[in-house]
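Structure at a glance
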Amino acid sequence: MKSIWLTENQEGFQTNWMGNPMRTDIVIIGAGMFGITTAHYLTEAGADVLVLDKSGIGRMTTGHTTAKITSQHGLLYQYLLEKYGVDFAKEYFEANEESIQEIEGIVQAYQIDCDFERQDHTMFTKSANEKRKIVEEVRAMKQFTSQVEKVTKTELPFEIELGITVKDQAQFHPIRYLRGLAKNILEKGNKIILDTTCYDLKKEKDGYRIQTQKGEVLAKKVVLASHYPFIKYPGLYFFKMYQSSSYVIAFDPKKDIFSGMYLQVEEPKFSFRSAIDSDGKRILILGGAGHKTGKSVTDQMTYEQLKQEVQQEFPEAEIRYWWSTRDCITLDKLPYIGQFSNLLPNVYIGTGFNKWGMTTSNLAARIVSDEILEKKNRHQHLFLATRMQPIENREEVKNILAQSVKSLVVQRVKPSQLRVEDLANGEGGIVQLQGKKVGVYRDENGKIYAVKPVCTHLGCLLNWNGADKTWDCPCHGSRYRFDGKNLYDPAMKDLETISVKEEKEQE
Ligand SMILES: Cc1cc2nc3c(=O)[nH]c(=O)nc-3n(C[C@H](O)[C@H](O)[C@H](O)COP(=O)(O)OP(=O)(O)OC[C@H]3O[C@@H](n4cnc5c(N)ncnc54)[C@H](O)[C@@H]3O)c2cc1C
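These remarks concern the structure in this document. For every chain, the first residue of its written sequence is number 1, and the numbers climb from 1 along that sequence. Local features are withheld for residues below a pLDDT of 70 in this predicted model, meaning they are given only at 70 or higher, and side-chain atom pairs are given and counted only at 80 or more; totals for whole chains, interfaces and linings count all residues. Excluded from the side-chain calculations are hydrogens and water; all other atoms, namely the structure's heavy atoms, are used.

Topic: the environment of Ala-491
Put simply, the rule reads: Going along the chain from the N terminus, every DSSP run of H or I of four or more residues is numbered as a helix, and every run of E of two or more is numbered as a strand. It only takes one pair of heavy atoms within 4.5 Å for two residues to be counted as in contact.
Structurally, Ala-491 can be placed in the loop between strand E24 (486–488) and helix H10 (500–506). In this structure, the C-alpha to C-alpha distance between Ala-491 and Phe-230, residues 261 residues apart in sequence, is 7.4 Å. Once residues within four sequence positions are removed from consideration, Ala-491 is found in contact with Lys-54, Cys-455, Thr-456, His-457, Ser-478, Tyr-480 and Asn-486.

Here you go:
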């Protein structure tokens with residue numbers, strides 16, 4: 001499993017740890033699209049900034065995105081118009097269009113070689129039943145922009161029923177873009193320290209003390225750019241959002257390649273775009289098979305579904321890369337941007353990008369950097385992170401609570417029917433051993449890896465993801481490698497490992 005964006009050398013952007021505690025005016029925790037873009041705007045304003053990341057630049061969600069830069073975030077505008085009115089929908093669109101222009105401006109100003117190109121983005125349906133939704137979306141968007149049109153034909157290798165195209169959107173190589181920004185941040189004297197997990201932050205008289213694995217940092221202001229906030233209280237973000245995973249394949253179709261970007265309205269919601277591979281060849285990227293993170297899935301339900309689509313439409317295709325990732329989904333479809341909590345002054349967040357974080361993280365970076373620099377930002381009011389209205393979405397809150405109760409209480413006590421002997425090579429699952437539940441993966445050579453299958457974030461029982469060979473949390477979306485190594489937030493610690501051989505002998 002490897003993302004097309006992470007094939008190039010990732011070394012070269014590090015500042016050394018200096019002093020204990022390290023002192024800075026602003027610390028940004030997370031070097032993904034949101035963290036690095038925020039550091040960019042603050043650096044350009046002459047601020048003193050330190051970026052910390054537990055992995056590398058853009059190695060997590062941003063390194064596994066499909067990197068379409070568009071204001072078309074699904075069929076969103078009819079919903080925005082109905083819920084908040086036309087002025088709100090218009091402003092949301094304009095704010096995201098500004099982000100596309102901002103990114104293009106940065107690419108040009110800093111001459112970042114990141115394959116940035118303008119392309120149209122189209123939402124399409126193959127189903128007659130879904131046509132009405134597109135008609136309504138066109139009607140909604142036409143109220144505030146002339147950039148949209150209804151289409152019945154595309155360059156895709158199959159017929160569609162109807163589509164809505166938003167003109168003049170863009171796509172790029174997200175990691176080359178972030179590395180271009182990081183280079184400038186370091187050249188202007190600010191700092192980026194990688195491979196450094198932050199565990200906690202404590203309020204002090206003049207700011208915050210941040211605990212990291214390398215030492216402490218003292219900062220006046222903090223930006224939480226860690227994707228899912230690692231602070232549980234205050235904020236209660238685990239009530240206000242959940243995580244959703246998707247799977248991606250990049251392949252050489254061995255025939256003519258189209259250049260536009262596309263997303264299907266109905267399940268399986270396939271997403272298409274082209275990209276330039278490391279050997280300079282244009283290939284296609286197909287995404288889809290999304291599900292709530294933590295659901296127990298198999299290869300068949302995920303990568304196989306994508307491969308079947310590739311084989312059907314491009315029988316000669318050669319698959320080059322495949323990967324998956326997840327993003328935070330908010331209950332009212334709007335990101336959380338700005339002050340993290342009323343109880344923690346000078347702590348800011350950008351999260352809940354709903355799988356559209358290329359534009360919305362740029363928007364978040366502009367809003368948060370303006371707040372820090374005490375400048376007015378006209379879009380700030382749309383996305384207030386402290387808002388609690390999303391939990392008025394009772395259905396989703398009920399789902400979140402029900403999932404937590406199931407995974408924290410019911411599943412943890414219900415014995416598993418599976419035994420280690422039942423697992424073939426390459427399979428994993430939760431087995432019953434000496435009255436306890438143990439997460440076991442038997443690799444392709446028969447070697448057993450066993451872990452305590454309980455999330456180190458808030459204690460939910462994990463599910464086995466047979467597609468990626470990971471342990472995934474159904475409550476808040478943390479993920480661990482088959483051997484228990486923590487991969488994805490909000491958890492920060494690895495799983496406890498268990499020696500199954502000893503336990504089997506005792507049985
Ligand atoms: C399959 C898929 C496809 C997508 N495609 C698109 C698309 O085409 N267009 C679009 O606009 N959006 C897309 N998105 C969404 C977009 O990729 C994300 O919204 C965006 O990348 C999120 O960026 P981020 O900076 O918030 O998070 P990340 O990129 O995850 O960055 C967070 C960083 O914080 C670090 N971190 C976490 N915890 C800690 C800690 N405790 N201490 C220190 N560091 C920490 C991590 O190492 C990481 O580098 C897609 C999402 C998915 C799931």
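Regarding the nonpolar core
What counts here: Working definition of a nonpolar core: buried Ala, Val, Leu, Ile, Met, Phe, Trp, Tyr and Cys residues. They are joined through side-chain atoms within 4.5 Å. Here the term buried applies to any residue with accessible area under 20% of the maximum for its type, exposed to any over 50%, and partly exposed to those in between, with areas from a 1.4 Å probe on protein chains only.
Residues Ile-4, Ile-28, Ile-36, Phe-172 and Tyr-177 are the most contacted members of the largest nonpolar core, which totals 78 residues. When residues no more than four places from it in sequence are discounted, the contact partners of Phe-172 are Trp-5, Met-33, Ala-67, Ile-69, Ile-103, Cys-114, Asp-115, Phe-116, Tyr-177, Arg-273 and Met-358. Ranked by size, the runner-up nonpolar core spans 27 residues in total, among them Val-27, Leu-201, Leu-224 and Met-241.

Remarks on the site of the ligand
To be explicit about the condition: Think of it this way: one heavy atom of a residue within 4 Å of a molecule or strand is enough to make that residue near it. Two N or O atoms count as a polar contact when they lie within 3.5 Å, although within protein this holds only if one can serve as hydrogen donor and the other as acceptor, and sequence-adjacent residues are included solely when both atoms are side-chain atoms. Areas reported here follow the Shrake-Rupley algorithm with a probe of radius 1.4 Å; residue values treat only the protein chains shown as occluding. Each residue is assigned to one class: nonpolar for Ala, Val, Leu, Ile, Met, Phe, Trp, Tyr, Cys and Pro, charged for Asp, Glu, Lys and Arg, and polar for all the others, Gly among them.
In the neighbourhood of the ligand, 35 residues make up the surrounding shell, with Asp-53, Thr-62, Thr-66, Asp-327 and Met-358 lying closest. Within the backbone of Lys-54, an N or O atom sits 3.0 Å from a nitrogen atom of the ligand. Between the ligand and Thr-62 there is a distance of 2.5 Å, counted from an oxygen atom to a side-chain nitrogen or oxygen. About the coverage of the ligand: the protein hides 98% of its 1,000 Å² of free accessible area. Contributions of two or more residues to the shell around the ligand are made by helix H1 (33–44), strand E15 (318–330) and helix H8 (357–372). In terms of residue count, E15 provides more of the shell around the ligand than any other element does, 3 residues in total. Split by residue class, the shell around the ligand holds 13 nonpolar, 15 polar and 7 charged.

Regarding the sheet that holds strand E21 (residues 463–465)
Our working rule: Whether two strands pair comes down to DSSP finding at least two bridges between them. Fitted lines through C-alpha atoms serve as axes, helices being fitted only where they are in contact, and the angles separating the N-to-C directions of these axes extend from 0 to 180 degrees.
Spatial ordering of the open sheet is given by E21-E22-E23-E24, a layout of 4 strands whose pairing is antiparallel. Because the sheet does not close on itself, it has two edges, and the strands there are E21 and E24. Sheet twist, expressed as the average angle between the axes of neighbouring strands with direction ignored, equals 35 degrees. Here 3 bridges tie strand E22 (residues 470–472) to strand E23 (residues 479–481), and the two strands are oriented antiparallel to one another. Its bridge partner being in E23, Thr-470 is matched across the sheet by Arg-481.

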